Amino acid sequence: MAQTVLITGGSRGIGAACVRTFAENGWNTAFTYSKSREAADRLAGETGALALLADQQDTAAVELAVAEGKARFGTIDAVVCNAGIAEQKLFQNITDADWMRMLDVNLMGTVRTIRAVLPEMLHNHKGSIVTVSSMWGECGASCESHYSASKAAIIGLSKSLAQELGPSNIRVNCIAPGVIDTDMNAMHSADTMQELADQTPLGRVGAAAEVADSILYLCSDKSSFITGQVLGVTGGF
Ligand code: NAD
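Calculation notes
Residues numbered from 1 in each chain as written. Predicted model: local features only at pLDDT ≥ 70, side-chain atom pairs only at ≥ 80, totals over all residues. Heavy atoms only, no water. Helix = DSSP H or I, 4+ residues; strand = E, 2+ residues; numbered from the N terminus. Rg over C-alpha atoms; globule rule 2.2 N^0.38 Å. Buried < 20%, exposed > 50% of the residue type's maximum accessible area, 1.4 Å probe, protein only. Areas by Shrake-Rupley, 256 points an atom, 1.4 Å probe, with all protein chains shown as cover. Lys, Arg positive; Asp, Glu negative; His and termini not counted. Charge placed at Lys NZ, Arg CZ, Asp CG, Glu CD. Pairing = 2+ DSSP bridges. Axes fitted to C-alpha atoms, helices over the stretch in contact; angles between N-to-C directions. Left-handed = near helix turned anticlockwise from the far one by under 90°. Contact = heavy atoms within 4.5 Å. Nonpolar A, V, L, I, M, F, W, Y, C, P; charged D, E, K, R; others polar. Phe/Tyr/Trp six-rings, centres within 6.5 Å; stacked < 30°, edge-to-face > 60°.

A. Representation of the overall build of the protein chain in the model. In terms of helices and strands, the protein chain carries eight helices and seven strands. In terms of C-alpha radius of gyration, the protein chain reaches 17 Å, essentially the compact-globule figure of 18 Å for 237 residues. When burial is assessed residue by residue, the protein chain has 51% of its 237 residues classed as buried. Looking at the protein chain as shown, the accessible area adds up to about 11100 Å², and 52% of this sits on carbon and sulfur atoms. The protein chain carries 17 positive and 25 negative side-chain charges, and their two centres are separated by 5 Å.

B. Quick peek at unusual backbone geometry. One non-glycine residue, His125, adopts positive backbone phi at about 50°. Along the polypeptide, His125 turns up in the loop between α4 (96-124) and β5 (127-132). Looking at His125, the relative accessible area reads 44%, which means it is partly exposed. Of note, Asn169 is a non-glycine position whose phi angle comes to about 65°, a positive value. Tracing the backbone shows Asn169 in the loop between α6 (145-165) and β6 (170-177).

C. Local environment of the sheet that holds strand β3 (residues 50-53). One open sheet holds the seven strands; their spatial order is β3-β2-β1-β4-β5-β6-β7, and the pairing between them is parallel. Strands with a single pairing partner mark the edges of an open sheet, and in this sheet they are β3 and β7 (230-233). With direction set aside, neighbouring strand axes in the sheet form an average angle of 20°. Inspection of the sheet shows strand β1 (residues 4-7) paired to strand β2 (residues 28-33) by four bridges, in the parallel sense. Of the residues in β2, the one forming a bridge with Thr4 is Asn28.

D. Main features of the packing of helix α3 (residues 59-73) against α4. Axis separation between α3 and α4 bottoms out at 9 Å; the angle between their running directions is 35°. As for the relative orientation of α3 and α4, their crossing is right-handed in sense. Only Arg112, Thr113, Arg115, Ala116, Val117 and Glu120 of α4 make contact with α3, whose side of the interface consists of Thr59, Val62, Glu63, Val66 and Lys70. When the residues that make up the contact of α3 with α4 are grouped by side-chain class, the tally is four nonpolar, two polar and five charged.

E. Structural context of the packing of aromatic side chains. Counting across every chain of the model gives two aromatic pairs. On the numbers, 5.7 Å between centres and 80° between planes, the contact of Trp136 with Phe237 is edge-to-face. Taken together, the residues span a long stretch of sequence, with Trp136 in helix α5 (residues 135-139) and Phe237 in the segment after β7 at a distance of 101 residues. For Phe237, a relative accessible area of 31% corresponds to the partly exposed category.

Any functional reading would require information beyond the geometric quantities listed.
Following this line, the structure appears as structure tokens:
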């Protein structure tokens, strides 16, 4: 029987690549989006996935999206906490409001999503949770201290939950992408992107589909004895 996945922030970038990859591999696929309804509807039409409007800063909206996914497909076997934001600012220019927004979207959005799917996974005594951090969450990035801190927190959250939920047969792993060719990196100039590619041992930036393949692996039963891990998808950066 097909398994069901819920992917947050699925209308573009790595999330959209996950929607395509999971759908192509026979998963029942639901995804949330917060802004571009047109892009979400188009992706849903192309893949057969279920598009659900839910801003992950809104607890009730996240809970409703999970309930709708479950109502459509019967259960939720895996969740990919992908939605996130980034911003480049000098540390001394990051306001309290900037910090709160970054932590609320990236960290609390992940918390809200996991909290909403957890009762179903506990009931099933089975589940796979994949969070999306960043290599900057492990090594830090200049002018992205609030982003890096939010991504480091996601690693701590994931490792703690892997221990807490292991006895319930729920696996929790974290993906830490390197530099991936998505709209998130539109803030970088072409020169900066080339510099980042040059610093990458494989000599290029990654594609969203390459991250999606690793996420599929961690969600699937192919990784059934793997939990509490951070998998870098960085081209060796
Ligand atoms: P992206 O900007 O293309 O996509 C981000 C997605 O998150 C979008 O669909 C957006 O609508 C959604 N989103 C943002 N705020 C939201 C909110 N409040 N509620 C619901 N959805 C919201 O970026 P991407 O590169 O595809 O990034 C996906 C994830 O991968 C992010 O968590 C990002 O931090 C992480 N990441 C990306 C890179 C990279 O180089 N692109 C590297 C490391 C980690």
